[in-house]
Amino acid sequence: MTAHPTTTSAARVLSCIQPTGEMHLGNYLGALRAWERDQRSSDAFHGIVDLHALTVIEEPGVVGEATLSLAAMLFAIGLDPEVATVFVQSHVPEHSELGWIMQCNVSHGELSRMTQFKDKTSKREGRFVSAGLFTYPALQAADILLYDTDQVPVGDDQRQHVEITRDIAIRFNNRFGDTLVLPEAVTPTAGARVMSLQDPMSKMSKSDESGAGCVFLTDDPATVTKKFKRAVTDSDTGPDAVRYDRGAKPGVANLLEINAAATDRTPQAVAEDYSRYGPLKADTAEAVVAVLDPIRARYGELLADPGELERLLRVGSDKARHVASTTLARVHRAIGIVAR
Ligand code: TYM
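Focus on the overall build of the chain
Alright, step 1. The helix and strand tally for the chain stands at 13 helices and five strands.
Alright, step 2. A compact globule built from 340 residues would reach a C-alpha radius of gyration of about 20 Å, and the chain, at 21 Å, matches this within 12%.
Alright, step 3. Principal-axis analysis of the C-alpha atoms gives the chain an extent of 70 × 45 × 45 Å.
Alright, step 4. Here the chain holds 340 residues, and 50% of them are scored as buried.
Alright, step 5. Approximately 15500 Å² of the chain is accessible, and the part contributed by carbon and sulfur atoms is 52%.
Alright, step 6. Separation between the mean location of the 36 positive side-chain charges and that of the 45 negative ones in the chain comes to 2 Å.

Focus: the packing of aromatic side chains
Alright, step 1. All told, the structure shown has four aromatic pairs when counted by the stated rule.
Alright, step 2. A centroid spacing of 5.2 Å and a plane angle of 40 degrees characterise the contact between Phe 45 and Tyr 147, whose relative ring orientation is tilted. Of this pair, Phe 45 sits in strand β2 (residues 43-48) while Tyr 147 sits in the loop between α7 (131-145) and β4 (151-153); the two residues are 102 residues apart in sequence, bridging distant segments of the chain. Each member of the pair Phe 45 and Tyr 147 is classed as buried.
Alright, step 3. On the basis of an interplanar angle of 50 degrees and a centroid distance of 4.7 Å, the ring pair of Phe 172 and Phe 176 is categorised as tilted. Here Phe 176 and Phe 172 lie together in helix α8 (residues 159-176), a separation of four residues that amounts to about one turn.
Alright, step 4. One aromatic cluster in this structure is built from Phe 45, Phe 87 and Tyr 147.

Here we look at the site of the ligand
Alright, step 1. The ligand sits among 28 residues. The nearest are Tyr 136, Gln 140, Asp 143, Asp 157 and Val 194.
Alright, step 2. Here a nitrogen atom of the ligand and a side-chain polar atom of Gln 158 are 3.0 Å apart.
Alright, step 3. A distance of 2.8 Å separates a nitrogen atom of the ligand from a polar backbone atom of Val 194.
Alright, step 4. Notes on the ligand: free accessible area 710 Å², of which the protein chains cover 97%.
Alright, step 5. Elements represented by at least two residues in the shell around the ligand include exactly β1 (12-17), α1 (25-38) and α7.
Alright, step 6. In terms of residue class, the shell around the ligand is made up of twelve nonpolar, eleven polar and five charged.

Describing the nonpolar core
Alright, step 1. By size, the foremost hydrophobic cluster in this structure holds 56 residues, and its most contacted members are Leu 25, Leu 74, Val 215 and Phe 228.
Alright, step 2. Of the residues that make up this core, three or more belong to each of domain 1 (12-192 + 306-335) and domain 2 (221-299).

What to know about the domain arrangement of the chain
Put simply, an interface is often sized by how much accessible area is lost when its parts join up.
Alright, step 1. Each assigned domain of the chain is listed with its residue range as follows: domain 1 (12-192 + 306-335) and domain 2 (221-299).
Alright, step 2. One C-alpha centre belongs to domain 1, the other to domain 2; they are set 30 Å apart.
Alright, step 3. Summed over both partners, the interface of domain 1 with domain 2 buries about 980 Å², with 71% contributed by carbon and sulfur atoms.
Alright, step 4. Together, Leu 25, Ala 76 and Ala 190 form the three largest contributors to the area buried by domain 1 at its contact with domain 2, with a combined 42%.
Alright, step 5. A salt bridge links Arg 33 to Asp 264, with the shortest nitrogen-to-oxygen separation between them at 4.0 Å.
Alright, step 6. At the boundary of domain 1 with domain 2, the tally comes to two residue pairs in polar contact (both at pLDDT 80 or more).
Alright, step 7. Those elements that place two or more of their residues in the side of domain 1 that touches domain 2 are α1 and α3 (62-76).
Alright, step 8. Grouping the amino acids of the side of domain 1 that touches domain 2 by side-chain chemistry returns eight nonpolar, two polar and one charged.

Examining the packing of helix α9 (residues 221-229) against helix α12 (residues 277-303)
Alright, step 1. Packing of α9 against α12 leaves a shortest axis separation of 9 Å and a crossing angle of 150 degrees. When the axes of α9 and α12 are compared, the pair comes out roughly antiparallel. The handedness of the crossing between α9 and α12 comes out as right-handed. Where α9 abuts α12, its residues Pro 221, Val 224, Thr 225, Phe 228 and Lys 229 lie against Lys 281, Thr 284, Ala 285, Val 288, Val 289, Leu 292, Asp 293 and Arg 296.
Alright, step 2. Of the residues in the contact of α9 with α12, the class split is seven nonpolar, two polar and four charged.

What to know about unusual backbone geometry
Alright, step 1. Unusually for a residue other than glycine, Asp 148 sits at a positive phi of about 50 degrees.
Alright, step 2. Structurally, Asp 148 is set in the loop between α7 and β4.
Alright, step 3. With relative accessibility at 2%, the residue Asp 148 sits in the buried group.
Alright, step 4. The phi dihedral of Asp 264 falls on the positive side, at around 55 degrees, and the residue is not glycine.
Alright, step 5. Within the fold, Asp 264 resides in the loop between α10 (250-263) and α11 (267-272).
Alright, step 6. Given the relative accessible area of 65%, Asp 264 is considered exposed.

Definitions and cut-offs
Residues numbered from 1 in each chain as written. Predicted model: local features only at pLDDT ≥ 70, side-chain atom pairs only at ≥ 80, totals over all residues. Heavy atoms only, no water. Helix = DSSP H or I, 4+ residues; strand = E, 2+ residues; numbered from the N terminus. Rg over C-alpha atoms; globule rule 2.2 N^0.38 Å. Buried < 20%, exposed > 50% of the residue type's maximum accessible area, 1.4 Å probe, protein only. Areas by Shrake-Rupley, 256 points an atom, 1.4 Å probe, with all protein chains shown as cover. Lys, Arg positive; Asp, Glu negative; His and termini not counted. Charge placed at Lys NZ, Arg CZ, Asp CG, Glu CD. Phe/Tyr/Trp six-rings, centres within 6.5 Å; stacked < 30°, edge-to-face > 60°. Near = heavy atom within 4 Å. Polar contact = N/O pair within 3.5 Å; in protein donor to acceptor, adjacent residues only side chain to side chain. Nonpolar A, V, L, I, M, F, W, Y, C, P; charged D, E, K, R; others polar. Core = buried A, V, L, I, M, F, W, Y, C linked by side-chain atoms within 4.5 Å. Domains from an automatic or database assignment. Buried area = accessible area lost by both parts, 1.4 Å probe. Salt bridge = Lys/Arg side-chain N within 4 Å of Asp/Glu carboxyl O. Axes fitted to C-alpha atoms, helices over the stretch in contact; angles between N-to-C directions. Parallel < 35°, antiparallel > 145°, perpendicular 65-115°, else oblique. Left-handed = near helix turned anticlockwise from the far one by under 90°. Contact = heavy atoms within 4.5 Å.

Right under this line is the structure:
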């Protein structure tokens, strides 16, 4: 099956994000920015995947609060609830049900090869590692396949999960007949893999303990400037110290990519304007502040009205459920489950 069997001709776009902490520049440049930009030219669905977050959240009350603040952030970056369907995963129970069916169509060996599982478990040494962390990609496959998704705008780190989703869909279609649409991952040209400012070999991540390597979308201008000023580069001070070379100069390449993404240029073009690290850091901070300032202001306003956020999420979840239940019924028919 190559196109989604609904009436609209615009590509069906779906992507999701976990409510597990503060949003950062990697989330924005790798994914959210494209969600905002493409919402009008596509048929867009964006989920706050609270059930995925339960793989790592162990305290009561945390996930609900994080869901509402993430909703505020998604609307603050410019997702328009009248245009894009913004929903909560647990409000659409079809995710859990198709997630189980997906678990039955993926092998233990395939799941064992997921780098995110290996990364996350290694970071949880001595702590509880849930089975959900292992079967996570099956639920993610359900998120994507329930919406007959054509394109999944994500950062580089999620490519492998979209690949396994395709593999699961192909296996399902071979077993039960052409039922599921094969999705494709779409990553931005600059910003697909934003690295930590303190450790440019690791991706920028909300689990950064000190926060110094991670620029949060809520950071004020002084904090952003300080983080970029302290960004790790290298000791090379030659005339071509500023050049785009990810292998030899990962810290500098990261700054060039962030600058390029924030100013809509290529990292190579940005590099031509600089010979020293100081001005590159200062201008990159300034470009990022210009992007984040309006977002932070809108976020504050939206967060002040949780009732309205809940209402918007209910509207989005109702729309999502309409699509998801149709796909799940098709899956049930394909398998031959007795009709309810
Ligand atoms: P999550 O919540 O970790 O991240 C949300 C999005 O941000 C991107 N991202 C980055 N991009 C560039 N540089 C970085 N340093 C960086 N860090 C994060 C991620 O690639 C992602 O696009 N498993 C997913 C959530 C998910 C999902 C889905 C995504 C669940 N179901 C269905 C797409 C479709 C995750 O944990 O993303």
